[in-house]
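The residues making up each chain are set out below.
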Amino acid sequence: MNKIVVSGGRRLSGEITVGGSKNAALPILFGGIVTGESCVFSNLPRVSDVLKALEILKFLGARIRFLQSGDVRVDYSGVRAGCAPCSLTSAIRGSTYLLGAMLAQFGRAELGGAGGCDFGARPIDQHLMGFERMGARVSCLENSVLIEAPNGLHGARIPLAMPSVGATANLMIAASLAEGETVIENAAAEPHVAALAAFLCDAGARITGVGTDSVRVIGVQKLYGVQNSIIPDMIEAGTYLCAGVACGGPVRVRAVCPAHLTPLLDTFSKMGVKVQTGEDSVTVTALERYRCIDVVTGPFPAFPTDLQPQIAALFCLGNRAMGEGSVTELVFRSRFRYIEELRRMGAIVSIQDRCAHIQPSVLQARKLRSPDLRGGAALLLAALATNGQSEITNAATVGRGYEHLEAKLRALGAHITVF
Ligand code: EPU
């Protein structure tokens, strides 16, 4: 995916089926290393970050088979201790999960680099602090980090400085094979963290407290290969719901878990958007104008940072939004790079520290550059809702997290071509 061309200003309506969650798939795929056996995954999204993760696993010795059913079998029995090339691992953030998994399985993990969207510095000090508390030795080399625990890991109390998704998942993976009990305090409670815990428990791990801020893991000696169905992607679902709001709707997303979308749906309700929730579906309709409000991101169940750019884009749309709104970003220091591009469309946004104040204005179609995955999604929403032809370059950033983007948006009536 290089470029997205959109002829915007059309009403979008209809129904789409949401795929599996990228941010659940990544820790589960890498976490599977600790089983040392074969696992079969259904609903695995074919987004570029997940395909990159499979490439990394293959390099390390896993055998990957795409089954006719659409499932993917990963046989981890051939995985050996080693370091995947930086050219692969630095493409995705999820490669950090190799640390916990390789350390637990082989007593040694080395990572040359981890990528992901550029939100400024993305340290992994909390992951490393946790491994050290479990008895590992951490060496930060010039271009890599090496973690060793030749005598195995032991359980520990790990108070996280912030409820980090990555650190909670990584430490949960490592602790599942450690000796004794690990307690992760101030743990993240995101649905994808719970999904990883469910996968590990199915494989034989003993994990409790998931969804609370204190996760307990009692280490076991061995884990086993299992079947796993990746949970629905709440961010993909949320993005299409935002498209429905931006372009009138009604838009219905199917195969979702509505409870995971509660922070977004509550926000929509405050904006005056009509929301209907079914057992595994959500419908939004915004035929009338909607209100801008103040949104603050935070760890689950607060408003997700991964939907912050998309909701900001909705507040920019002068033909639909009323009043003034703001988004305050409390998870990442620097996640407003997309705003410069929205300003080029005519958006009126002023940023003060962590808060972007937005006054709706009439936007113009433009040539835009996607700065990152969700920032690119925000530009796409603005382009869909704005009359005229917009182009979004650097679109590979968007392909990292949205499967069949062109087909899904066309099904809603969008005039969109992906090159
Ligand atoms: N942090 C530290 N030290 C650490 C770990 C985190 O200072 O050791 C800080 C981060 O810099 C950030 C905050 O804590 O300011 C939260 O980071 P977290 O660890 O929760 O994020 P992550 O694991 O790096 C995952 C998702 C992100 C999502 C965040 C928050 C994956 C692969 N990535 O990142 O997804 O925004 O959790 O929910 O799961 C996306 O999908 O677009 C995306 C960026």
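This one's a predicted model, so the numbers in the text were calculated from it and none came from an experiment.

Colleague: For this particular structure, what's the right way to read helix α9 (residues 262-271)?
Modeller: Since the α-helix packs 3.6 residues into each turn, any two residues three or four apart lie on the same face. Looking only at α9, the buried set comprises Pro263, Leu264, Leu265, Thr267, Phe268 and Met271. Packed against the buried residues of α9 are α8 (234-246), β15 (274-277), β16 (281-285), β17 (290-291), β18 (294-296) and α10 (308-316). Among the residues trailing α9, glycine 272 stands out with phi positive, at a value near 90°.

Colleague: Help me understand empty space enclosed by the protein in this model?
Modeller: In this approach a probe as big as a water molecule rolls over the atoms, and the regions it shows empty are the leftover space. Tallied over the full model, the rule gives four cavities of 30 Å³ or more. A volume near 50 Å³ is recorded for the largest cavity. Taken together, Thr239, Tyr240, Ala243, Ala377, Leu380, Leu381, Leu384, Leu405 and Leu409 make up the lining of the largest cavity. Its boundaries defined by the atoms lining it, the second largest cavity holds a volume of some 40 Å³.

Colleague: Mind showing me how you'd approach the side chain of threonine 285 here?
Modeller: Tracing the sequence through the fold places threonine 285 in strand β16. Those residues in contact with threonine 285 that sit more than four places away from it in its chain are Gly248, Pro250, Val273 and Lys274.

Colleague: Honestly, the layout of surface pockets in this entry has me stumped. Any pointers?
Modeller: Estimates place the volume of the largest pocket at around 1,100 Å³. In this structure, the largest pocket is lined by 45 residues; those nearest its centre are Arg122, Val165, Gly166, Val331 and Phe332. Of all elements in the fold, only α1 (22-31), α5 (125-133), α6 (165-175), α8 and α12 (373-385) reach the threshold of two or more residues within the lining of the largest pocket. In terms of residue count, the dominant contributor to the lining of the largest pocket is α1 (four residues). Here the residues of the lining of the largest pocket sort into 22 nonpolar, 11 polar and 12 charged.

Colleague: How do you make sense of the site of the ligand when you look at a structure like this?
Modeller: Near the ligand there are 23 residues, and of these Gln126, Ser164, Val165, Asp306 and Val331 occur at the shortest range. Measuring from an oxygen atom of the ligand, one finds a side-chain N or O atom of arginine 122 at 3.0 Å. One nitrogen or oxygen atom from the main chain of glycine 166 is found 2.9 Å from an oxygen atom belonging to the ligand. Alone, the ligand offers 830 Å² of accessible surface; in the complex the protein occludes 90% of this. Judged by its atoms lying within 2 Å of the grid points, the ligand is housed in the largest pocket. Tallied by class, residues from the shell around the ligand come to 10 nonpolar, six polar and seven charged. Residues lining the shell around the ligand come from more than one domain, with at least three contributed by each of domain 1 (3-18 + 232-418) and domain 2 (22-229).

Colleague: For this particular structure, what's the right way to read the pairing of strand β22 (residues 355-359)?
Modeller: A regular strand places its side chains on the two faces of the sheet in alternate fashion. Here strand β20 (residues 325-328) pairs with β22 via four bridges, running antiparallel. Within the sheet, the bridge partner assigned to glycine 325 lies in β22 and is isoleucine 358. Taking the residues that link successive antiparallel strands as the turn, the strand β21 (residues 348-352)-β22 hairpin has two residues, and the phi of aspartate 353 there is positive, at about 55°.

Colleague: Explain α8 to me, please; I cannot follow it from the model alone.
Modeller: Between its first and last C-alpha, α8 extends 18 Å over 13 residues, near the 18 Å set by a 1.5 Å rise per residue. Most of α8 sits inside the fold, with 13 of its 13 residues counted as buried. N-cap assignment for α8: the residue whose side-chain oxygen lies 2.9 Å from the backbone N of isoleucine 235 is aspartate 233. Within two residues after α8, glycine 248 carries a phi angle of roughly 95°, on the positive side.

Colleague: Hey, could you run me through the nonpolar core in this one?
Modeller: For soluble globular proteins, the rule of thumb is that nonpolar side chains tend to be buried together. The biggest cluster of nonpolar side chains holds 76 residues, and the ones touching the most others in it are Leu29 and Phe41. Those residues in contact with phenylalanine 41 that lie beyond four places of it in its chain are Ile28, Leu29, Asp71, Val72, Val74, Tyr76, Phe199, Asn228 and Ile230. The next biggest cluster of nonpolar side chains, apart from the first, holds 75 residues, and it includes Val6, Val282, Leu307 and Val349.

Colleague: I would appreciate a short explanation of the pairing of strand β5 (residues 72-75) in the present structure.
Modeller: Here strand β3 (residues 38-42) pairs with β5 via four bridges, running antiparallel. Its bridge partner lying in β5, phenylalanine 41 is registered against valine 72. Of the strand pairs in this sheet, strand β4 (residues 63-66) and β5 are connected by four bridges, and their pairing is antiparallel. Looking at β5, one finds that arginine 65 is bridged to arginine 73.

Parameters and conventions
- Residues numbered from 1 in each chain as written.
- Predicted model: local features only at pLDDT ≥ 70, side-chain atom pairs only at ≥ 80, totals over all residues.
- Heavy atoms only, no water.
- Buried < 20%, exposed > 50% of the residue type's maximum accessible area, 1.4 Å probe, protein only.
- Helix = DSSP H or I, 4+ residues; strand = E, 2+ residues; numbered from the N terminus.
- Contact = heavy atoms within 4.5 Å.
- 1 Å grid on protein atoms, 1.4 Å probe; cavity = no way out; pocket = protein on both sides within 12 Å on 5 of 7 lines; lining within 4 Å.
- Points joined across faces, edges and corners; volume = space filled by probe spheres on them.
- Nonpolar A, V, L, I, M, F, W, Y, C, P; charged D, E, K, R; others polar.
- Near = heavy atom within 4 Å.
- Polar contact = N/O pair within 3.5 Å; in protein donor to acceptor, adjacent residues only side chain to side chain.
- Areas by Shrake-Rupley, 256 points an atom, 1.4 Å probe, with all protein chains shown as cover.
- Sits in = over half its atoms within 2 Å of the grid points.
- Domains from an automatic or database assignment.
- Pairing = 2+ DSSP bridges.
- Expected span 1.5 Å × (residues − 1).
- Core = buried A, V, L, I, M, F, W, Y, C linked by side-chain atoms within 4.5 Å.

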